[in-house]
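# Breakdown of the fold
Below are the chains, spelled out letter by letter.
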Amino acid sequence: MSVALCAEPRKNGSGGVADGVSVLHGRLHVLSREEQAADTTVTTCLVWVAGTLVRIAGGMGDVRSAGALVGEAAAVLASVPARPERSVRQPPGQPLTQCQLAVLRRLEQDVPLRQIADGLYVSVNTVKSHVREVYRKLGVSSRAEAVRRGRALGLC
């Protein structure tokens, strides 16, 4: 959705900078009426504005004015909201044990549970128990979901 809101305007008519600004203004107006506007949409739009300023600067013959536009682009990019770093690497609630993390990381390799058990020097039943607990703690019901969720949480 955010890419479509801030995509490059179509080149019909003059296709000038004023058209681009007008299109962006209209799209942001629509966005402002939506209750669930995401930060990524705002970020995408700010990057689009900065890119437009740089493109305009590149087409200008006046070095001083081009430099001012590039400075404006830098200021726009500086206003992009910083993404918070993931400080929590464990899922909320009960954290995974070291053994469960080891099993989760091997689930990512798409190998049979028997091979995971052999690599960890434990029984297949132990691996199955760890897999069940990983699924429960991550709130998933399949190997693929566990791997996706583990990656999203930075566990894999």
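Here the structure is a predicted model, which means the values were calculated and not measured. (Residues numbered from 1 in each chain as written. Predicted model: local features only at pLDDT ≥ 70, side-chain atom pairs only at ≥ 80, totals over all residues. Heavy atoms only, no water.)

### A few points about the confidence of the model for the chain
Low pLDDT marks regions whose predicted coordinates should not be analysed in detail. The predicted model of the chain has a mean per-residue pLDDT of 74, with 63% of residues at 70 or higher. The secondary-structure element of the chain with the lowest mean pLDDT is helix α1 (residues 2-5), recorded at 43, while helix α7 (residues 124-138) shows the highest, at 94. Confidence over residues 1-13 falls short of pLDDT 50; this stretch has 23 contacts with residues more than four positions distant or in other chains. (pLDDT = per-residue confidence, 0-100. Helix = DSSP H or I, 4+ residues; strand = E, 2+ residues; numbered from the N terminus. Contact = heavy atoms within 4.5 Å.)

### Looking at the packing of helix α5 (residues 98-107) against helix α8 (residues 143-152)
Their axes nearest at 9 Å, the elements α5 and α8 cross at an angle of 110 degrees. Judged by the angle between their axes, α5 and α8 are roughly perpendicular. Only Arg143, Ala146, Val147 and Gly150 of α8 make contact with α5, whose side of the interface consists of Leu104, Arg106 and Leu107. A breakdown of the residues in the contact of α5 with α8 according to their chemical character gives four nonpolar, one polar and two charged. (Axes fitted to C-alpha atoms, helices over the stretch in contact; angles between N-to-C directions. Parallel < 35°, antiparallel > 145°, perpendicular 65-115°, else oblique. Nonpolar A, V, L, I, M, F, W, Y, C, P; charged D, E, K, R; others polar.)

### Observations concerning the nonpolar core
Core analysis: the biggest nonpolar cluster contains 19 residues, and Leu96, Leu104, Leu107, Leu138, Ala146 and Leu155 have the highest contact counts within it. Only α5, α6 (113-120), α7 and α8 provide two or more residues apiece to this core. Top element by residues in this core is α7. It accounts for six residues. Residues Ala50, Leu53, Ala57 and Ala73 belong to the second largest nonpolar core, which totals seven residues. (Core = buried A, V, L, I, M, F, W, Y, C linked by side-chain atoms within 4.5 Å. Buried < 20%, exposed > 50% of the residue type's maximum accessible area, 1.4 Å probe, protein only.)

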